[in-house]
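Residue-level listing of the chains:
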Amino acid sequence: MKKKILVINGPNMNLLGEREPDIYGKKSLKEIEGELAGLCGEAGIEVEFFQSNHEGAIVDKIGEAKGKVGCIIINPAAFTHTSVAIRDALSAVKIPAIEVHLSNIYGREDFRKHSYVAGVAQGQIAGFGAYSYILAFHAAKEMLI
Ligand code: DQA
């Protein structure tokens with residue numbers, strides 16, 4: 001398995017830090033990515049970051065990862081609750097994926113309680129703010145050994 005993690009963030013995640021900080025916290029995506037880069041560096045794991053507000057761009061990125069990436073950490077953001085295409089892309093490439101959410105999607109509006117991605121992910125981490133990504137890194141590291 002390739003010792004590389006691809007971290008994908010979906011729509012509006014570029015606004016983290018400013019966007020509803022009471023729900024999503026005050027850290028920017030760049031800060032979270034910096035922490036993950038540090039942890040991956042220490043662990044000798046290559047990492048690539050990708051954020052897009054466009055569903056098709058995320059589908060393309062997942063497709064391109066086939067054979068190049070050992071694990072995908074993905075916060076599909078709003079596409080979690082709408083995208084059969086992202087689910088199918090993850091299913092097609094057969095790369096183990098860890099679904100991440102900053103907020104506890106099960107404690108919010110009803111429309112957030114269903115994830116299209118969950119059924120094809122290795123597992124899901126939700127509700128720990130930016131620390132959800134750190135927990136996902138540790139899970140990914142275990143899978144890459
Ligand atoms: C989110 C939860 C989603 O419901 C929401 O649309 C987001 C962020 C989270 O990280 O908590 O954009 O994925």
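Placed above this text is the structure.
Now for a quick tour of the structure. Nothing here was measured: the structure is a model prediction, and the numbers come from that model.

## Points about the site of the ligand
Stage number 1. Taken together, the neighbourhood of the ligand is formed by R19, Y24, N75, A77, A78, H81, H101, L102, S103, I105 and R112.
Stage number 2. Between the ligand and the protein, one listed contact pairs an oxygen atom with a backbone N or O atom of A78 at 3.3 Å.
Stage number 3. Residue S103 places a side-chain N or O atom 2.6 Å away from an oxygen atom belonging to the ligand.
Stage number 4. Relative to its free-state accessible area of 320 Å², the ligand is covered by the protein chains to the extent of 98%.
Stage number 5. Applying the majority rule of atoms within 2 Å of the grid points places the ligand in the largest pocket.
Stage number 6. In terms of residue class, the shell around the ligand is made up of five nonpolar, four polar and two charged.

## Description of helix α2 (residues 29-43)
Stage number 1. Along its 15 residues, α2 runs 21 Å from first to last C-alpha, staying within 8% of the 21 Å computed at 1.5 Å per residue.
Stage number 2. Each element contacted by the buried residues of α2 is listed here: β1 (4-9), β2 (46-51) and α5 (131-144).
Stage number 3. Just downstream of α2, G44 is the residue with a positive phi angle, here 70 degrees.

## Notes on the side chain of K61
Stage number 1. Examined against the element boundaries, K61 turns out to sit in helix α3 (residues 55-64).
Stage number 2. Assessed through its relative accessible area of 16%, K61 is described here as buried.
Stage number 3. There is a polar contact of 2.5 Å between the side chain of K61 and the side chain of E48.
Stage number 4. Contacts of K61, omitting those with residues within four sequence positions, involve L6, E48 and F50.

About the cut-offs
- Residues numbered from 1 in each chain as written.
- Predicted model: local features only at pLDDT ≥ 70, side-chain atom pairs only at ≥ 80, totals over all residues.
- Heavy atoms only, no water.
- Near = heavy atom within 4 Å.
- Polar contact = N/O pair within 3.5 Å; in protein donor to acceptor, adjacent residues only side chain to side chain.
- Areas by Shrake-Rupley, 256 points an atom, 1.4 Å probe, with all protein chains shown as cover.
- 1 Å grid on protein atoms, 1.4 Å probe; cavity = no way out; pocket = protein on both sides within 12 Å on 5 of 7 lines; lining within 4 Å.
- Sits in = over half its atoms within 2 Å of the grid points.
- Nonpolar A, V, L, I, M, F, W, Y, C, P; charged D, E, K, R; others polar.
- Helix = DSSP H or I, 4+ residues; strand = E, 2+ residues; numbered from the N terminus.
- Expected span 1.5 Å × (residues − 1).
- Contact = heavy atoms within 4.5 Å.
- Buried < 20%, exposed > 50% of the residue type's maximum accessible area, 1.4 Å probe, protein only.

These figures capture arrangement, not role.
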